[in-house]
Amino acid sequence: MKVSLFATCLVDMFQGNAGKAAVELLERLGCEIDFPDAQVCCGQPAYNSGYVKESKEAMKRMITAFEHAEYVVSPSGSCAYMFQEYPHVFKGDSVWEPRAKKLAEKTYELTQFIVEVLNVDDVGAKLKGKATFHTSCHMTRLLGVREAPMRLLKNVKGLEFEELPGKEQCCGFGGTFSVKMAQISEQMVDEKVGHIEETEAEILIGADAGCLMNIGGRIGRQGKPIRVMHIAEVLNCR
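In this text the structure is predicted, and so the values were computed from the model without any measurement. (Residues numbered from 1 in each chain as written. Predicted model: local features only at pLDDT ≥ 70, side-chain atom pairs only at ≥ 80, totals over all residues. Heavy atoms only, no water.)

Draft legend 1. Structural detail: the packing of aromatic side chains. Scanning all chains against the criterion turns up eight aromatic pairs. When the ring of F66 is compared with that of F83, the centres are 6.0 Å apart and the planes differ by 65 degrees; the resulting orientation is edge-to-face. One end of the pair, F66, is in the loop between α4 (52-65) and β3 (71-74); the other, F83, is in helix α5 (residues 77-89), with 17 residues separating them in the sequence. Overall, the relative accessible area of 0% leaves F66 in the buried class. (Phe/Tyr/Trp six-rings, centres within 6.5 Å; stacked < 30°, edge-to-face > 60°. Helix = DSSP H or I, 4+ residues; strand = E, 2+ residues; numbered from the N terminus. Buried < 20%, exposed > 50% of the residue type's maximum accessible area, 1.4 Å probe, protein only.)

Draft legend 2. Layout of helix α7 (residues 110-117). Taken across its eight residues, α7 has seven buried, putting it largely inside the fold. Phi turns positive, to about 55 degrees, at N119, one or two residues after α7.

Draft legend 3. Looking closely at the sheet that holds strand β6 (residues 157-161). If you trace the four strands from one edge of the open sheet to the other, you get β6-β5-β7-β8, paired in parallel fashion. Edge strands, defined here as strands with exactly one partner in the open sheet, are β6 and β8 (227-230). Between one strand and the next, the sheet's axes are offset by a mean angle of 40 degrees, whatever the strand orientation. Sheet topology note: the strand β5 (residues 126-134)/strand β7 (residues 203-206) ladder contains four bridges and is parallel. Each bridged residue has a counterpart across the sheet, and for F133 the counterpart in β7 is I205. (Pairing = 2+ DSSP bridges. Axes fitted to C-alpha atoms, helices over the stretch in contact; angles between N-to-C directions.)

Following this line, the structure appears as structure tokens:
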């Protein structure tokens, strides 16, 4: 099975280990991976800020970059969901709407692809420790991926899992929200860190780089002894 990796900006710039882990994991599961060099930002920051016209140029580049792909897989629920928005953005455009639909139909978040397409629940991962999982807003509420991460994590040998209280609450990142509404965002992420501490988890796991960067940054500034890991890194542990 041929898979094109949609790495995303944050993974590329800040969490390269998550991208590497995603590739190694998928290859171990029998996938042939390629990385389209022409990929850029998916346009989400500009689009969510109201710059729809300006974001279309980035979207067109992404549609073209992944046109050859059999499947597109991303280690980010938020960015994978953005591809699902493309058909709405180009609605009525006789050239770009059908191309956008094809991209949306073959795009998956990493754990969604493993469970729903590869039909795998146990990737043979091993990691000792007590962990909890942050369910990011876009991945759960918009993309609709809830069960896949849990099914995979529950089969990680040695991992003691504790459900996160208030798991449906936003961590305060929200892309540009954390910049425009910094004080509110700070209160939200403090509340999230408090819930993580309630679980007494040694490891915080997440599937969105933005959320992990936000929560991990707050954990680091507060000096909390909690390890932050992308789910790709967890599933790639042997």
